[in-house]
Amino acid sequence: FRRLKQKTQVFIDPAGDHYRTRITHTLETTRIARTVARALRLNEDLTEAIGLGHDLGHPPFGHAGEAELDRCVQEAFGTHFRHNEQSARIAERLNLTAEVRDGILTHTGDVEPRSLEGKIVRIVDRVAYLNHDIDDAVRFGILGPEDLPHAEVELLGPTGARRIDTLVHDLVETSERAGDIAQSPEIGEAMLSLRAFMFENVYLGPHAVGEHERAHTAIRAIFEHLVARGDGQDEIVEFVAGMTDRFALAYAQRL
């Protein structure tokens, strides 16, 4: 968990104290999710445990690091790497409850969580990262507030805090009515539209090319070195996924 403070959220090893890292994302997700659980009179402790553990297995360099590690694992062993599955393996080793492990495993991917608390974290994970990543992209100079899609901003709010407030109120009120964890169609669609905008313009945008190449080069160099050394798949995945950005960059540099 402590290593998450030196793992990329969007920007690799950024020079600045205010950029989010994987640990600040985790804390923001957990705080918002616990607020929703309290409003819906659900198990706050279970929600918090899922939130704190959901990204434990995330490798260095954010989305780029996960994608490259997955490619390497496919080429070498014919399987896949998914950070949620790695997070669940860590939770298993820590002997966390079945409900916590399920919520961690299913916070992303095609399978829905079995618990209402897990469903909260699944949605709130996106609520948190979309809004704090917008803040960071504006701070980094990639986006200006005027670049954000107008219809979505009009509906959700002009600032990160306002958008989170709108999304949380909608999630609580819609879930109360539905007897399940759900967003209203209008708000849910606006959030998905904002997510698509961020993937096109920030996560996979032109500015990210150099950053992603640096991540891909480091992950591949480390992975190929460990395979050549004779390490097994589980050992390699465990070691690489546990690295911080700085450790991975330094390790690759030494190679």
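For the structure, check the block above.
Quick notes on the rules
- Residues numbered from 1 in each chain as written.
- Predicted model: local features only at pLDDT ≥ 70, side-chain atom pairs only at ≥ 80, totals over all residues.
- Heavy atoms only, no water.
- Helix = DSSP H or I, 4+ residues; strand = E, 2+ residues; numbered from the N terminus.
- Rg over C-alpha atoms; globule rule 2.2 N^0.38 Å.
- Axes fitted to C-alpha atoms, helices over the stretch in contact; angles between N-to-C directions.
- Left-handed = near helix turned anticlockwise from the far one by under 90°.
- Contact = heavy atoms within 4.5 Å.
- Nonpolar A, V, L, I, M, F, W, Y, C, P; charged D, E, K, R; others polar.
- 1 Å grid on protein atoms, 1.4 Å probe; cavity = no way out; pocket = protein on both sides within 12 Å on 5 of 7 lines; lining within 4 Å.
- Points joined across faces, edges and corners; volume = space filled by probe spheres on them.
- Buried < 20%, exposed > 50% of the residue type's maximum accessible area, 1.4 Å probe, protein only.
- Salt bridge = Lys/Arg side-chain N within 4 Å of Asp/Glu carboxyl O.
- Expected span 1.5 Å × (residues − 1).

*Asks:* Please set out the overall build of the protein chain residue by residue, giving values where relevant.
*Replies:* Tallying secondary structure elements over the protein chain gives twelve helices and zero strands in all. Secondary structure elements of the protein chain, listed N to C terminal, follow the sequence α-α-α-α-α-α-α-α-α-α-α-α. In terms of overall dimensions, the protein chain is globule-like: its C-alpha atoms have a radius of gyration of 18 Å, near the 18 Å expected for 255 residues. In terms of its C-alpha atoms, the protein chain occupies a principal-axis envelope of roughly 55 × 45 × 30 Å.

*Asks:* Provide a residue-level description of the packing of helix α1 (residues 22–39) against helix α8 (residues 160–178), including the pertinent values.
*Replies:* Their axes nearest at 10 Å, the elements α1 and α8 cross at an angle of 35°. Crossing of α1 over α8 shows right-handed handedness. Residues Ile32, Val36 and Ala39 of α1 lie in contact with α8, whose contacting residues are Ile164, Val168, Leu171, Val172 and Glu176. Considered class by class, the residues forming the contact of α1 with α8 number seven nonpolar, no polar and one charged.

*Asks:* I'd love a proper account of the layout of surface pockets, names of residues and values included.
*Replies:* Its volume calculated, the largest pocket comes out at about 740 Å³. What lines the largest pocket is a set of 33 residues, and nearest its centre among them are Thr108, Asp125, Arg126, Tyr129 and Arg195. For the lining of the largest pocket, the secondary structure elements donating two or more residues are α1, α3 (62–77), α4 (83–93), α6 (116–140) and α9 (185–203). A per-element tally of the lining of the largest pocket places α6 first, with six residues. By residue class, the composition of the lining of the largest pocket is ten nonpolar, twelve polar and eleven charged. Size it by volume and the second largest pocket reaches roughly 360 Å³.

*Asks:* If you had to explain the side chain of threonine 26 to someone new, which residues and values would you point to?
*Replies:* Within the element layout of this structure, threonine 26 appears in helix α1. In this structure threonine 26 comes out as buried when scored by relative accessible area, which is 0%. Here threonine 26 is in contact with Phe1, Leu4, Gly51, Leu52, His54 and Asp55, once residues within four sequence places are set aside.

*Asks:* Tell me what's going on with the environment of aspartate 234, and back it up with residues and numbers.
*Replies:* Counting through the fold element by element, aspartate 234 comes out in helix α11 (residues 233–241). Through-space distance from the C-alpha of aspartate 234 to that of leucine 167 is 39 Å; in sequence the pair is 67 residues apart.

*Asks:* Break down unusual backbone geometry for me, with residues and values.
*Replies:* Not every positive phi belongs to a glycine, and arginine 41 is a case in point at roughly 60°. Among the secondary structure elements, arginine 41 is positioned in the loop between α1 and α2 (44–53). What makes arginine 41 exposed here is its relative accessible area of 61%. A positive phi angle is found at asparagine 95, which is not glycine, with a value near 65°. Its place among the elements puts asparagine 95 in the loop between α4 and α5 (98–105).

*Asks:* Go over the pattern of salt bridges with me, naming the residues and quoting the values.
*Replies:* Counted under the stated rule, the structure contains 19 salt bridges. In this structure, the salt-bridge partner of arginine 22 is aspartate 55, at a minimum N-O distance of 3.0 Å. Of this pair, arginine 22 sits in helix α1 while aspartate 55 sits in the loop between α2 and α3; the two residues are 33 residues apart in sequence, bridging distant segments of the chain. We classify arginine 22 as buried; its relative accessible area is 4%. Taking relative accessible area as the criterion, aspartate 55 reaches 2% and is therefore assigned buried. The partner of aspartate 231 in a salt bridge is arginine 229, with the nearest N and O atoms 2.7 Å apart. Among the ionic contacts, a cluster of salt bridges with common partners joins Arg34, Arg38, Glu44, Asp45 and Glu48.

*Asks:* Before we move on, can you summarise α8 with the specific residues and values?
*Replies:* In this model, α8 (19 residues) spans 26 Å end to end at C-alpha, consistent with the 27 Å of a helix rising 1.5 Å per residue. Positive backbone phi, approximately 70°, marks glycine 179, located one or two places after α8.

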